[in-house]
Amino acid sequence: MSEDKLTELERRIAHLESRVDTAAPRHLPKSPSLTTAATSMLRQVKEENRLGTVGYVGAARLAGGETLWDRQLSLAELLSADWAPVAAILESLGSQPRLALLAALVQQGRCTSTDLQESLGGDGEQTTSGQLYHHLRALQSARLITQRRRGEYELAPQATIQVLTILAAAFALANDPPLGPPADLPNPE
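Residues numbered from 1 in each chain as written. Predicted model: local features only at pLDDT ≥ 70, side-chain atom pairs only at ≥ 80, totals over all residues. Heavy atoms only, no water.

How do you make sense of helix α8 (residues 160–175) when you look at a structure like this?
Every α-helical turn comprises 3.6 residues, leaving residues that sit three or four positions apart pointing alike. In this model α8 runs 22 Å from its N-terminal to its C-terminal C-alpha over 16 residues, within 8% of the 22 Å that 1.5 Å per residue would give. Elements in contact with the buried residues of α8: β1 (53–62), β2 (65–74), α5 (96–108) and β5 (152–155). (Helix = DSSP H or I, 4+ residues; strand = E, 2+ residues; numbered from the N terminus. Expected span 1.5 Å × (residues − 1). Contact = heavy atoms within 4.5 Å.)

Put into structure tokens, the structure is as follows:
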């Protein structure tokens, strides 16, 4: 290989590597097992000529104990779903006070209405008892929290994993730089 071709090849590799560094998400998975799992899912999708799969995994030590999870859902099933219940859940999550209430329940486990009132902090309309109960009813209607006794609430056990996953995905959407198709990639022809 001539010196000019080698220099050009090195320049192109350096250019591609610099594009990968700037386009990569800020929070890469620390565990190679997540990347391995995603690669395996992609391989399976290709072999079975399917649309794809969405999966999520996690581990948490919460007030209720330790929890591990992994879930998968086919894209065909996801995209053909009835969106009305999904919209209701997402709508119930669409306010800062409700997210603060969920965060308090995740961190502390079972909470009284007084604890939850304090978790909203500050003075004003969002911290009145009427507003608190409005938010609690919305979260209960979405089956995200349950009322154990009068004035005592907890995150619904069946919702813990999904709530944490939704919050993590929303956090990534809000904070990660936008990823788009790389611009100056050579044509594979």
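How do you make sense of the packing of helix α6 (residues 113–120) against helix α7 (residues 129–141) when you look at a structure like this?
Packed helices, taken two at a time, are described by their axes: the angle between them and the distance between them. Across the interface, α6 lies against α7 with an axial gap of 11 Å and an inter-helix angle of 100°. Looking at the two axes, α6 sits roughly perpendicular to α7. Across the interface between the two elements, Ser113, Leu116, Gln117 and Leu120 of α6 pack against Ser129, Leu132, Tyr133 and Leu136 of α7. The residue makeup of the contact of α6 with α7, split by class, is five nonpolar, three polar and no charged. (Axes fitted to C-alpha atoms, helices over the stretch in contact; angles between N-to-C directions. Parallel < 35°, antiparallel > 145°, perpendicular 65-115°, else oblique. Nonpolar A, V, L, I, M, F, W, Y, C, P; charged D, E, K, R; others polar.)

Hey, could you run me through the side chain of His135 in this one?
Counting through the fold element by element, His135 comes out in helix α7. Beyond its immediate sequence surroundings of up to four residues, His135 is in contact with Ser95, Pro97, Arg98 and Leu101.

I tried to follow unusual backbone geometry on my own but got confused; where do I start?
Both trends apply: most residues other than glycine have a negative phi, and most peptide bonds are in trans. Not every positive phi belongs to a glycine, and Asn49 is a case in point at roughly 50°. With respect to the element layout, Asn49 can be found in the loop between α2 (32–48) and β1. Even without glycine at this site, Arg143 takes up a positive phi of about 60°. With respect to the secondary-structure elements, Arg143 resides in the loop between α7 and β4 (145–149).

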